[in-house]
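Read off the chains here:
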Amino acid sequence: MTTNPAVRPEIIDFYTRSDEAARLHATATGTLELARTRELLRRHLPPAPARVLDVGGGPGTHAHWLAADGYTVHVVDPVPKHVSQAGALDGVTSELGDARRLTAAAGTYDVVLLLGPLYHLHDKGDRLSALTEAARVVRPGGLVAAAAISRYSPLLDYIATTDITEPAVQDRVRDTLNQGRYAGQRGFTVAYFQTSDELREEVTEAGFADPTLYGVEGPGWVAVKAIEKYADTNLLGMPMYDAALAAARLAEPHDALIDASAHILAITHT
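What comes next concerns the included structure. For clarity, every value in this text was computed on a predicted model and none was experimentally measured.

**A word on the environment of threonine 233**
Okay, step 1: Mapping threonine 233 onto the fold places it in the loop between helix H10 (221-231) and helix H11 (239-251).
Okay, step 2: Threonine 233 gets classed as partly exposed once you look at its relative accessible area, which sits at 38%.
Okay, step 3: As a C-alpha pair, threonine 233 and threonine 27 span 206 residues in sequence and 8.7 Å in three-dimensional space.

Structure representation (structure tokens):
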């Protein structure tokens, strides 16, 4: 077991203090991310009880439904709080670890998920290490799914909240648009946001052929977030949520709309 993952301490601190277990259930935008990620993965997953390694799986949000679907799920995460939460779920095991240095033997998993690590690794070399480790531990022909946060999501998010009118916010958004880096000044921790082209290039450079990229939430998430903020209500089950979900599905075939999502998902096989 990796007992001291080389992860930036501010990232560990952020997730220790925050309630990541509730994030994808507390708002309609979070639920949209969860529903669409689950929908896209189920489209490509091999039949249960395939073995799934959920790297950076946090408190086990995705591990929970995967185990309920009959998969054998093991979570690796650098945050001790998350490891305890995931390990307490029925049908899920967990360990403290680093996406760049997995303890699993080569070719031991049918599926490897990287739904969190890439956007907390500022350096391209570290992101490639995480991707190549996924390639190492997945069986030949196995499935690898890697998520990124869209380079344009801070701009769109701050439009929805109207914070984009603040000069300091504009400076930070400008830096992220130009360089992809986010220093964690407001509401999140240090992160690296990617374009779909950059994610595709890195997945390919790591040795995967022909990745398929999806915009997870689609372009409608911005409207959902804006309405939730100013109406102070959860839109889950409301027509606007249903519209955003329908828009995400309709946008799938159009590469130009991938980056309009808050998250981008690359799915590929070895």
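**Focus: the nonpolar core**
Okay, step 1: Judged by nonpolar contacts, the single largest core of 28 residues is most densely connected at Leu53, Val55, Val112, Leu114, Leu131 and Leu199.
Okay, step 2: Counting only elements with at least two residues in this core, the list comes to strand E1 (51-55), strand E4 (109-114), helix H6 (124-137), strand E5 (138-149), helix H9 (196-205) and strand E9 (263-269).
Okay, step 3: Sorting elements by how many residues they give to this core places H6 first, with five residues.
Okay, step 4: The contacts of leucine 199, once residues within four sequence positions are left out, are Leu118, Ala146, Ala148, Gln194, Leu213, Ile264 and Ala266.
Okay, step 5: Counting 26 residues, the second largest nonpolar core, distinct from the first, contains Leu24, Ala67, Val75 and Ile267.

**Some remarks on the pairing of strand E3 (residues 92-96)**
Okay, step 1: Inspection of the sheet shows strand E2 (residues 72-77) paired to E3 by five bridges, in the parallel sense. Along E3, the bridge assignment pairs valine 75 with serine 94.
Okay, step 2: You can see the chain leave E2, run along helix H5 (residues 80-87) and come back into E3, and the turn it takes is right-handed.

**Overview of H10**
Okay, step 1: Taken together, the buried positions of H10 are occupied by Trp221, Val222, Val224 and Glu228. Along the axis of H10, the buried residues cluster in a sector spanning 165 degrees; they form a single face.
Okay, step 2: Considering only its buried residues, H10 is in contact with helix H3 (28-44), helix H7 (153-161) and H11.
Okay, step 3: Of the residues one or two after H10, aspartate 232 is the one with positive phi, at around 50 degrees.

**Describing the sheet that holds E4**
Okay, step 1: Strand order in the open sheet formed by seven strands is E3-E2-E1-E4-E5-E9-E8, and the pairing between neighbours is mixed. Looking at strand neighbours, the two that pair on one side only are E3 and strand E8 (209-215), the edges of this open sheet. The average undirected angle you get between the axes of adjacent strands in this sheet is 20 degrees.
Okay, step 2: Bridging between E5 and E9 involves seven bridges; their strand directions are antiparallel. Bridging from a neighbouring strand, alanine 147 pairs with leucine 265 of E9.
Okay, step 3: Of the strands in this sheet, E4, E5, E8 and E9 are in contact with H3, which crosses E9 at around 10 degrees.
Okay, step 4: Sitting on the sheet, H6 is in contact with E1, E4 and E5, with an inclination near 155 degrees to E5.

**Things to note about the pairing of E1**
Okay, step 1: Most of E1 sits inside the fold, with four of its five residues counted as buried.
Okay, step 2: When E1 meets E2, the two strands line up parallel, connected through five bridges. Pairing of valine 52 across the sheet is with valine 73, part of E2.
Okay, step 3: Of the crossover connections in this fold, the one passing from E1 over helix H4 (residues 61-68) to the parallel E2 is right-handed.

The rules we used
- Residues numbered from 1 in each chain as written.
- Predicted model: local features only at pLDDT ≥ 70, side-chain atom pairs only at ≥ 80, totals over all residues.
- Heavy atoms only, no water.
- Helix = DSSP H or I, 4+ residues; strand = E, 2+ residues; numbered from the N terminus.
- Buried < 20%, exposed > 50% of the residue type's maximum accessible area, 1.4 Å probe, protein only.
- Core = buried A, V, L, I, M, F, W, Y, C linked by side-chain atoms within 4.5 Å.
- Contact = heavy atoms within 4.5 Å.
- Pairing = 2+ DSSP bridges.
- Right-handed = clockwise from strand over helix to strand, strands pointing away.
- Arc of directions from axis to C-beta.
- Axes fitted to C-alpha atoms, helices over the stretch in contact; angles between N-to-C directions.

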